[in-house]
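If you want the building blocks of each chain, they are given just below.
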Amino acid sequence: MPEFGYAVSETGDPAPAAAQSPVVQAAERLVGKIETLVHQVTALRAENASLRREVRDAVALLDRAGAALGDAAGARPRRRKAVAPKARRRRRGKGPKGRATPASVTAEVVRAVLAKKGAATAAEIAGEITAAGEPVSGRAIRFLAERAGAETFVGEDGLRRYRL
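Here we summarise the structure given alongside this text. Predicted model, so just to flag it, every value in this text is computed and none were measured. (Residues numbered from 1 in each chain as written. Predicted model: local features only at pLDDT ≥ 70, side-chain atom pairs only at ≥ 80, totals over all residues. Heavy atoms only, no water.)

1. Remarks on the packing of helix H3 (residues 122–131) against helix H4 (residues 138–147)
In step 1: For the pair H3 and H4, the least separation of the axes is 8 Å and the interaxial angle reads 105°. It follows from the interaxial angle that H3 and H4 lie roughly perpendicular. On H4, the residues that touch Ala-122, Ile-125, Ala-126 and Ile-129 of H3 are Gly-138, Ile-141 and Arg-142.
In step 2: Partitioning the contact of H3 with H4 into residue classes produces 5 nonpolar, 1 polar and 1 charged. (Axes fitted to C-alpha atoms, helices over the stretch in contact; angles between N-to-C directions. Helix = DSSP H or I, 4+ residues; strand = E, 2+ residues; numbered from the N terminus. Parallel < 35°, antiparallel > 145°, perpendicular 65-115°, else oblique. Contact = heavy atoms within 4.5 Å. Nonpolar A, V, L, I, M, F, W, Y, C, P; charged D, E, K, R; others polar.)

Next up, the structure:
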């Protein structure tokens, strides 16, 4: 039976590889490449086994850390509270507290203050009415000024102002 690298002649003497056929040479190259691949696969399997051990150790470490954290926090692990859906805001209409703006503060009162001041912000109008004895907010004045027919414009200072 011929060995790779040498051909056996009819006399039984090994001949140099150059005398071999091209098919035998290709087969030898193929065997060499297969042997190289086998060595690479063996090395990859060893590396894979090593990586599996490292992952197993890391998972065990995380399990121990989680158990220690659970013991430190109490018998049960803590959970996040469920967030309740936001309910619609209820409007403060004529509820148990009554009207937010005094009944004596009307669009006519706002018109009188605007006639006296000429042009003013809602806060300035509210301050004038509050000084007269009826506490009122600037927000209520904005609503009442529109009802009074006041013209709205932006002043030089960038604030919303009202005038008749």
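2. Digging into the sheet that holds strand S3 (residues 119–121)
In step 1: One open sheet accounts for 3 strands, arranged S3-S5-S4; its pairing is antiparallel. Each edge of the sheet is formed by a strand with only one pairing partner; in this case those strands are S3 and strand S4 (151–154). With direction set aside, neighbouring strand axes in the sheet form an average angle of 35°.
In step 2: Pairing analysis gives 3 bridges linking S3 to strand S5 (residues 160–163), with the strands arranged antiparallel. Paired with Ala-120 across the two strands is Tyr-162, which belongs to S5.
In step 3: Across the sheet, H3 touches S3 and S5, and the angle it forms with S3 is around 90°. (Pairing = 2+ DSSP bridges.)

3. Details of the pairing of S4
Regular strands place side chains that alternate from one sheet face to the opposite one.
In step 1: Relative to S5, S4 is paired through 4 bridges, and the arrangement is antiparallel. Bridging from a neighbouring strand, Thr-152 pairs with Tyr-162 of S5.
In step 2: With antiparallel pairing between neighbouring strands as the criterion, S4 and S5 make up a hairpin whose turn holds 5 residues, including Gly-158 at a positive phi of roughly 90°.

4. Thoughts on the pattern of salt bridges
In step 1: As enumerated under the stated definition, the model contains 5 salt bridges in all.
In step 2: Arg-111 serves as the salt-bridge partner of Glu-108, at 3.9 Å between the closest nitrogen and oxygen. Of this pair, Glu-108 and Arg-111 both sit in helix H2 (residues 107–117), 3 residues apart, roughly one helical turn.
In step 3: Owing to a relative accessible area of 36%, Arg-111 belongs among the partly exposed residues under this scheme.
In step 4: For Arg-161, the salt bridge goes to Asp-157, with nearest N and O atoms at 2.8 Å.
In step 5: Arg-161 sits in the buried class, given a relative accessible area of 16%.
In step 6: Through salt bridges with shared partners, a single network forms among Glu-124, Asp-157 and Arg-161. (Salt bridge = Lys/Arg side-chain N within 4 Å of Asp/Glu carboxyl O. Buried < 20%, exposed > 50% of the residue type's maximum accessible area, 1.4 Å probe, protein only.)

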